[in-house]
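# Chain and residue survey
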Amino acid sequence: MTVLEQTPGRDESGARPTPPTAGWRPRTDPAPLLPDETPFRLLGTGARLDKRRKELWRELYRGLVHGRRYNRQATALTRQGRLAVYPSSTGQEACEVAAALALAEQDWLFPSYRDTLAVVARGVDPVEALTLLRGDWHTGYDPRAVRVAPLSTPLATQLPHAVGLAHAARLRGDDVVALAMVGDGGTSEGDFHEALNFAAVWRAPVVFLVQNNGFAISVPLAKQTAAPSLAHKAVGYGVPGRLVDGNDAPAVHQVLGEAVAHARAGGGPTLVEALTYRVEAHTNADDATRYRTDEDVAPWLGHDPVALLEAELRNRRLLTDREADAIAEEAEAMAADLRGRMNTDPALDPEDLFAHVYAEPTTHLREQAAMLRGELAADAADDPDRADTPARRRATGRDDHADDHRQNHQERAA
Amino acid sequence: MTTATSTPARPAPPGGPAPTTMAQAINRALRDAMAADDTVHVLGEDVGALGGVFRVTDGLTAEFGEERCTDTPLAEAGILGTAAGMAMYGLRPVVEMQFDAFAYPAFEQLVSHVARMRNRTRGSLPMPLTIRVPYGGGIGGVEHHSDSSEVYYMATPGLHVVTPATVADAYGMLRSAIASDDPVLFLEPKRLYWSKETIDLSSPPACEPLGRAVVRRAGTSATLISYGPSVSVCLEAAEAAREEGWELEVLDLRTLVPFDDETAAAAVRRTGRAVVVHEASGFAGPGAEIAARLTERCFHHLQAPVLRVTGFDIPYPPPMLEKHHLPGVDRVLDAVARLQWESDHTEGGAA
Ligand SMILES: Cc1ncc(C[n+]2csc(CCOP(=O)(O)OP(=O)(O)O)c2C)c(N)n1
Ligand SMILES: [Mg+2]
């Protein structure tokens, strides 16, 4: 029997104070924290748009078209062996693009491994965003310069970082909001819980965006949680939860924008659950037919974020054929540029392996670097005439086993 | 039980040499680091009003405020994960893990992020944070309060792993750990918290550079290699060994990663015989790496295999039995006796 289960006044010892059951009230009124009863939507609601919002919706559309093309291109690059693996966000472009656009210059984005599109939409060069998945380095961009944390593969582990960074910025008196992205499966991880709890206690300026795309690889949401919604999880931490149609880009942008503004004003964190769907397999290495059917996917194809926004913009006469063509052409050019640059071998320097393990390389690492250098020199000396010596092949990232490596990598990444 | 209490760690007011405990020296190092650099933040469980269960953070919240010395929610992954985020923003967090065995929930953050953030971002996001972990046995702690967890950290590239054996080192090495631009595991031998040395904290000891071992006692017969709580055991053993006619050298490693091969190899070459002593279990323990490295570097100087005296390969025992597990003077002397003094080769493993 815990102290709170004892009937007040019936404490034999008499020493213990009466537990405060009688006048007890929740510390926070949960009602205002409860998420929207139905997912928040803007498309198809006849919402009135001022000039600024019209521009925003057009900008979102441009982002979605680029994003869809980027997803297609990246998936194609896996088939050509140019990417080791690609977890596509096809069907989730509204969340990816709106997340990037909801942030101000000085804010930070904390993406998960599926969110390269959000990273690109924030302005990072796609080749740099894809470095991790090509395999020439882990993080291809300079996180501090672009204020985008490394893509996080260990699920939900980036969430406490977002809290710590936002908290640190607040302690320093800086106006910085962190937006952290996680999947529905990731909400089962301990780090999700700890991050929300720390953020709430510290009132850290953080926005948590959960993209509920229905699956964690093969596991459907029903096996992940018994919560009424993922947004409801916020309430237990004293954090407001929001539920939004994740394929309605203007709605996602608005909800995230409000959460960012709330955080910026000192109101603390918000948990946003965006309902969306992973249209493609988990990655190119996954076989989705083992756990879902085409009939399962079909309704979501009819609720496509790009098509929804395009139809609405055309209805409202905010998009002409010519504009749509121009945007599609731009996206095509972006894809061609990406393809071209990804089709060249990345420059690799094996010495990089040792360069950033410690601030100063240790004696031990200097010895190992020297050993590798010696091996490479010996390889080159063995066969100086061959244009494609092992050393060179290694140095350019192409060796005899390249295809095996890629194959293995794909299997492992699944 | 996290109820270890003692006199507060606040050192005697400055003014000349005074007996100082290791806990007080660590407290003073934290205070001096916080005063010198306003990006230093202390985070942990009970580090505020209570001053930590070992009183090591006593007075820091009072002096620097709750934002600089913060009682966090009770969640070690959250503590280290948020500290990593703070470090990403340029702060210099000093995290207290309440006990060795309670640092395990933070392991994923440590291994997957803290240790490799610099590497994966090509130096863009260094992790200048210090993780203080009270560790080791000999304090009569019940289950989960006496682990020697150093080998887990040693096996993780990207971390520095250090542990002081003296009060002066506790101060100097902690200042250096906090000043380091890399993550440092600062392992505090619990049973030395109350050990005293007379040092002058009004002119604090120099910040010991990390990465250097030190000879605590010169000798010619054999070299005892140790760190943290086992250094004093080795010194005692060396004293006792004089009766047997052995002059034992005692090396205090201080830094386990990066390992000071130079000093350790020189100490072994001088005597040609070596015993590694630590509390952690022997199998795949720190001594395995140390003995292998020394054998690789000193093979032709060695008169006998490098032996190990370690804790048994068992879960840490209950307090009433821990004395059998912990390497003591007798076990060290037994190992020394097996260093093939008669050069009649005998088969036999470590104690
Ligand atoms: C800590 C951890 N456990 C397991 C994995 C392997 N894994 C990669 S993605 C994934 C599913 C993630 O599902 P969800 O969070 O819903 O994100 P989504 O893939 O749908 O974007 C799993 C299990 C991982 N990356 N990290
Ligand atoms: Mg999912």
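Because the structure is a prediction, the values reported are computed rather than measured. (Residues numbered from 1 in each chain as written. Chains lettered and ligands numbered in written order. Predicted model: local features only at pLDDT ≥ 70, side-chain atom pairs only at ≥ 80, totals over all residues. Heavy atoms only, no water.)

## With respect to the confidence of the model for chain B
Residues and elements named next belong to chain B. Summary statistics for chain B give a mean pLDDT of 93 and a share of 93% for residues scoring 70 or more. Low confidence marks residues 1-8, where pLDDT is under 50. Its contacts with residues over four positions away, or in another chain, come to 19 contacts. Scored below 50 in pLDDT, residues 345-351 makes eleven contacts in the model with residues more than four places away or belonging to other chains. In the model output, the complex is listed with pTM 0.91 alongside ipTM 0.93. (pLDDT = per-residue confidence, 0-100. Contact = heavy atoms within 4.5 Å.)

## Quick look at the pattern of salt bridges
For the coordinates displayed, the defined rule picks out 47 salt bridges over all chains. Notably, a salt bridge pairs R58 of chain A with E323 of chain A, separated by 3.3 Å at the nearest N-O pair. Here the residue R58 of chain A occupies a position in helix α1 (residues 51-79), and E323 of chain A occupies one in helix α12 (residues 321-342), the gap between them amounting to 265 residues. Judged by relative accessible area, which is 28%, R58 of chain A ranks as partly exposed. With a shortest N-O distance of 3.5 Å, E247 of chain B and R217 of chain B are connected by a salt bridge. Of this pair, E247 of chain B sits in the loop between α8 (230-241) and β11 (248-252) while R217 of chain B sits in strand β9 (residues 214-217), and the two are 30 residues apart along the sequence. Assessed through its relative accessible area of 13%, R217 of chain B is described here as buried. Overlapping salt bridges, with partners in common, bring together E367 of chain A together with D261, E289, R293, E296 and R297 of chain B in one network. (Salt bridge = Lys/Arg side-chain N within 4 Å of Asp/Glu carboxyl O. Helix = DSSP H or I, 4+ residues; strand = E, 2+ residues; numbered from the N terminus. Buried < 20%, exposed > 50% of the residue type's maximum accessible area, 1.4 Å probe, protein only.)

## Re helix α7 (residues 167-179) of chain B
For α7 of chain B, which comprises 13 residues, the first-to-last C-alpha distance of 19 Å matches the rise-based estimate of 18 Å (1.5 Å per residue) to within 8%. Inspection of α7 of chain B places V167, D169, A170, Y171, G172, M173, L174, R175, S176, A177 and I178 of chain B among the buried residues, and these make up the whole buried set. (Expected span 1.5 Å × (residues − 1).)

## Some details on the site of ligand 1
Y113, R114, D184, G185 and N213 of chain A are the nearest of the 16 residues found near ligand 1. Around ligand 1, the neighbouring residues derive from chains A and B rather than from a single chain. Within the side chain of Y113 of chain A, a nitrogen or oxygen atom sits 2.3 Å from an oxygen atom of ligand 1. At 2.8 Å, a backbone N or O of T153 of chain A approaches a nitrogen atom of ligand 1. Split by residue class, the shell around ligand 1 holds six nonpolar, six polar and four charged. (Near = heavy atom within 4 Å. Polar contact = N/O pair within 3.5 Å; in protein donor to acceptor, adjacent residues only side chain to side chain. Nonpolar A, V, L, I, M, F, W, Y, C, P; charged D, E, K, R; others polar.)

## Topic: the packing of helix α2 (residues 93-101) of chain A against helix α9 (residues 249-264) of chain A
Residues and elements named next belong to chain A. Interaxial distance between α2 and α9 falls to 9 Å at its minimum, and their mutual angle equals 40°. The chirality of how α2 crosses α9 is right-handed. From α2, A94, C95, A98, A99 and L101 reach across to α9, where they touch A249, V252, H253 and L256. Across the contact of α2 with α9, the residue classes tally to eight nonpolar, one polar and no charged. (Axes fitted to C-alpha atoms, helices over the stretch in contact; angles between N-to-C directions. Left-handed = near helix turned anticlockwise from the far one by under 90°.)

## Some details on the coordination of the magnesium ion (ligand 2)
Residue and element names in this part refer to chain A. With distances of 2.0 to 2.1 Å, the protein atoms coordinating the magnesium ion (ligand 2) are D184 (OD), N213 (OD1) and F215 (O). Along the chain, the residues donating to the magnesium ion (ligand 2) fall in the pattern D-x28-N-x1-F. Remark: N213 occurs in the loop between β3 (206-212) and β4 (215-216) and D184 occurs in the loop between β2 (178-183) and α8 (190-202); sequence separation between them is 29 residues. Of the two residues, D184 and N213, neither departs from the other in class, the shared state being buried. (Donors = N, O, S within 2.8 Å, 3.2 Å for Na, K, Ca; no water.)

## Considerations on the interface of chain A and chain B
In this assembly, 42 residues from chain A lie in contact with 44 residues from chain B. In this assembly, chain A packs against chain B so that about 3500 Å² is buried in total across both faces, 61% of it on carbon and sulfur atoms. Interface area lost by chain A to chain B is led by H161, H356 and Y358 of chain A, which between them contribute 19%. Scanning the region where chain A abuts chain B turns up three salt bridges. For the salt bridge of R172 of chain A with D38 of chain B, the shortest nitrogen-to-oxygen distance reads 3.5 Å. There are 19 residue pairs in polar contact (both at pLDDT 80 or more) connecting chain A and chain B. When contributions to the side of chain A that touches chain B are tallied by element, the ones reaching two or more residues are β1 (108-110), α6 (143-146), α7 (158-171), α8, α13 (352-355) and α14 (363-382) of chain A. For the side of chain A that touches chain B, the per-class residue count stands at 22 nonpolar, eleven polar and nine charged. (Buried area = accessible area lost by both parts, 1.4 Å probe.)

## Some remarks on the UniProt feature "domain: Dehydrogenase E1 component" (unreviewed entry) in chain A
UniProt's feature table lists "domain: Dehydrogenase E1 component" (unreviewed entry) at residues 71-338 of chain A, given in the numbering used throughout. Helix and strand shares over residues 71-338 of chain A are 43% and 12% respectively, and the end C-alpha atoms of the span are 11 Å apart. (UniProt positions renumbered as here; feature names shortened; annotations may be inferred.)

## Focus on the side chain of S88 of chain A
All names here are of chain A. Note that S88 resides in the loop between α1 and α2. For S88, a relative accessible area of 3% gives the class buried. Polar side-chain contacts of S88 include one of 2.7 Å to the side chain of T90. Contacts of S88, omitting those with residues within four sequence positions, involve N71, T75, R114, E280 and H282.

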